[in-house]
Amino acid sequence: MISAPMFRRMPVSRAAIALCAVALLGLAACSSTSRQPAVPASRVPRADVVGYANDIRYYPRDLEDVRQFEDDFVASWSKERAALGLAPGAPLPPAAYLAISGGGDNGAFGAGLLAGWTKVGDRPVFKLVTGVSTGALIAPFAFLGSAYDDKLKALYTGISMKDIAEQRPIWSAFFSDALADATPLYRLVEKSVTQEMLDAIAAEYAKGRILLIGTTNLDARRAVIWNVTEIAATHRSDALALVHKILLASAAIPGTFPPVMIEVEEGGKRYQEMHVDGGTANQVFVYPAASDLAKLSKENDAVRARTLYIIRNARLDPEWAQVDRRALPIATRAIACLIQYQGIGDLYRIYTIARRDHVDYRLAYIPASFQTPHTTEFDTAYMQSLFGTAFDLAAGGHEWETHPPVLLSGEGDEARRRAATDEAPAP
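All figures in this text were calculated on a predicted structure; none of them were measured in a lab. (Residues numbered from 1 in each chain as written. Predicted model: local features only at pLDDT ≥ 70, side-chain atom pairs only at ≥ 80, totals over all residues. Heavy atoms only, no water.)

Structural notes on the environment of D277
Step number 1: Within the secondary structure, D277 sits in strand β10 (residues 269–277).
Step number 2: Among the residues examined, D277 registers a relative accessible area of 0% and is labelled buried.
Step number 3: Counting along the chain gives 60 residues from D277 to N217, while the straight-line C-alpha distance between them is 9.0 Å. (Helix = DSSP H or I, 4+ residues; strand = E, 2+ residues; numbered from the N terminus. Buried < 20%, exposed > 50% of the residue type's maximum accessible area, 1.4 Å probe, protein only.)

Digging into the nonpolar core
Step number 1: Core analysis: the largest hydrophobic core is formed by 81 residues, its most contacted members being L98, I164, L185, I231 and F257.
Step number 2: Ignoring any residue separated from it by four or fewer positions in sequence, one finds I164 in contact with I159, D181, A182, P184, L185, L188, F257 and F378.
Step number 3: One finds L293, I310, L316 and Y365 within the second-largest nonpolar core, a separate group that totals 33 residues. (Core = buried A, V, L, I, M, F, W, Y, C linked by side-chain atoms within 4.5 Å. Contact = heavy atoms within 4.5 Å.)

Concerning the packing of aromatic side chains
In this description, a pair of aromatic rings is defined by centroid distance and the angle of the planes.
Step number 1: The final tally for this structure, using the stated rule, is 11 aromatic pairs.
Step number 2: An angle of 90 degrees between the planes, with centres 5.4 Å apart, marks the rings of Y58 and F69 as edge-to-face. Within this pair, whereas Y58 is found in strand β2 (residues 57–58), its partner F69 is found in helix α2 (residues 63–84), the two being separated by 11 residues in sequence.
Step number 3: With a relative accessible area of 4%, F69 lands in the buried category.
Step number 4: Every member of this aromatic cluster is reached through a ring pair, and the members are Y58, F69, F73, W77 and Y97.
Step number 5: Sitting above the plane of the F143 ring, R209 keeps its charged end 4.0 Å from the centroid.
Step number 6: Over the face of the ring belonging to Y52 we find R236, whose NZ or CZ atom lies 4.5 Å from the ring centre. (Phe/Tyr/Trp six-rings, centres within 6.5 Å; stacked < 30°, edge-to-face > 60°. Lys NZ or Arg CZ within 6 Å of the ring centre and 35° of its normal.)

Considerations on the pattern of salt bridges
Step number 1: In total, this model carries 19 salt bridges according to the counting rule given.
Step number 2: Where D219 meets R35, a salt bridge forms, and the shortest distance between an N and an O atom there is 2.8 Å. Placement of D219 in the loop between β7 (210–217) and β8 (222–227) and of R35 in the loop between α1 (14–30) and β1 (48–49) is noted, with a sequence separation of 184 residues between them.
Step number 3: Using a relative accessible area of 36% as the deciding quantity, one classes D219 as partly exposed. (Salt bridge = Lys/Arg side-chain N within 4 Å of Asp/Glu carboxyl O.)

Considering the packing of helix α3 (residues 107–120) against helix α4 (residues 134–144)
Step number 1: Their axes nearest at 9 Å, the elements α3 and α4 cross at an angle of 20 degrees. With respect to their mutual orientation, α3 and α4 come out roughly parallel. Handedness of the α3/α4 crossing: right-handed. Residues G107, A111 and L114 of α3 form the contact with α4, whose own contacting residues are T134, I138 and A142.
Step number 2: The residue makeup of the contact of α3 with α4, split by class, is four nonpolar, two polar and no charged. (Axes fitted to C-alpha atoms, helices over the stretch in contact; angles between N-to-C directions. Parallel < 35°, antiparallel > 145°, perpendicular 65-115°, else oblique. Left-handed = near helix turned anticlockwise from the far one by under 90°. Nonpolar A, V, L, I, M, F, W, Y, C, P; charged D, E, K, R; others polar.)

Some remarks on a nonpolar patch on the surface
Step number 1: Side chains of I170, W171 and F174 sit close together on the surface and give an oily, nonpolar patch of about 300 Å² of accessible area.
Step number 2: Considering the arrangement of structural elements, one finds W171 in the loop between β5 (166–167) and α6 (172–175). (Patch = residues over 30% accessible without salt bridge, like charges linked within 9 Å, V, L, I, M, F, W, Y side chains within 5 Å. Areas by Shrake-Rupley, 256 points an atom, 1.4 Å probe, with all protein chains shown as cover.)

Comments concerning unusual backbone geometry
Step number 1: Here the phi dihedral of R221 falls at roughly 55 degrees; this positive angle occurs in a residue that is not glycine.
Step number 2: Within the secondary structure, R221 sits in the loop between β7 and β8.

As for the pairing of β7
Step number 1: For β7, the buried fraction is high: eight of the eight residues fall into the buried class.
Step number 2: Relative to β7, strand β4 (residues 128–132) runs parallel, the two being bridged by five bridges. Following the sheet pairing, V129 is matched in β7 by L211.
Step number 3: Direction of pairing for β7 relative to β8: antiparallel, over a ladder of six bridges. Across the sheet, residue G214 finds its bridge partner in β8, namely I225.
Step number 4: Two successive antiparallel strands, β7 and β8, enclose a turn made up of four residues, where R221 displays a positive phi of approximately 55 degrees.
Step number 5: Across three bridges, β7 lies against β10 in antiparallel orientation. Bridge pairing in β10 links T215 to D277. (Pairing = 2+ DSSP bridges.)

Right, here's the structure in full:
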């Protein structure tokens, strides 16, 4: 759910600011938000969530974790064959993957696109669904299918900022862990993602389907991929609470929302990991880049047609604005620029991986033609308009892009399509 800073300062005099700064720096010197020790750097990938085995999550740049992911993926093909009544080694039907990006309240685009896709009638049952940030909140509903479209619509068209966060006093920046209290968001996640949904996710795990959510371990400064289907399949009494924490962590904008602390153990000792917005590391992901899916498929008699659909909950065209020559507007604009181009870089990275692995690439994003003003975060009217625009695009037979975006200022979507190469992925 990462986006530009959400909260603006109330106007106060310079004298008041100076007095507050002196007083609060004193408070900061004697106040802190306590936590348990972080996992030592050399042992980060080996730490287990208390009560769980390490295979419920992966560090995508750790070789042992990549191998664990591959073992889990290979095992999913056996589950698929059993669910379909196929013999071991029998050819598998075509598969569809879905990756949903971050984007804050722009998640209304992904929600609307999925609902419109349902209306067309050719929305796949996805073999793999991944989500980051606001995409993490969408992912469980997308994974479970069109029966959950109404709940997803309500989540992105019937809420406002009061359902997401409560702003803390300005001095929270000095001695607290965030500028806002995310208790409303946690309650929303608890209400929206139920035990019934987790049981349904566990049932899909038995069919070989996979749901992955991304967070960022801030202590280690590393991306983490959580296998929610594995967690659901444990049927532990605390599994739902863990999934709620993962979803909240994936949407926890650093500095704005409090981080989510995960209790872990390693070598017989207890530690705490600090997890924040998955978009801090990746705006969108599919699977670890080190996993050569084409090679893995060939080695395990699982060569099949695959199509990857990416929903980028953001605009990709450069948005012009005259920036005030003041620190806060400059920083806000720079962060927004950084996030936009990080997201574009992720789309190119995934495209390269898809070509290597012979996966067809499909991309959708907020069109430049969408012009509803975005004056505040989680403005209900804005989200309703964006949901409706995305719904109409999908229901009207929207054509997915087959290449990453080529940004040509002022030229629009059609020019970007003409500028993209027509070379198709390897068969």
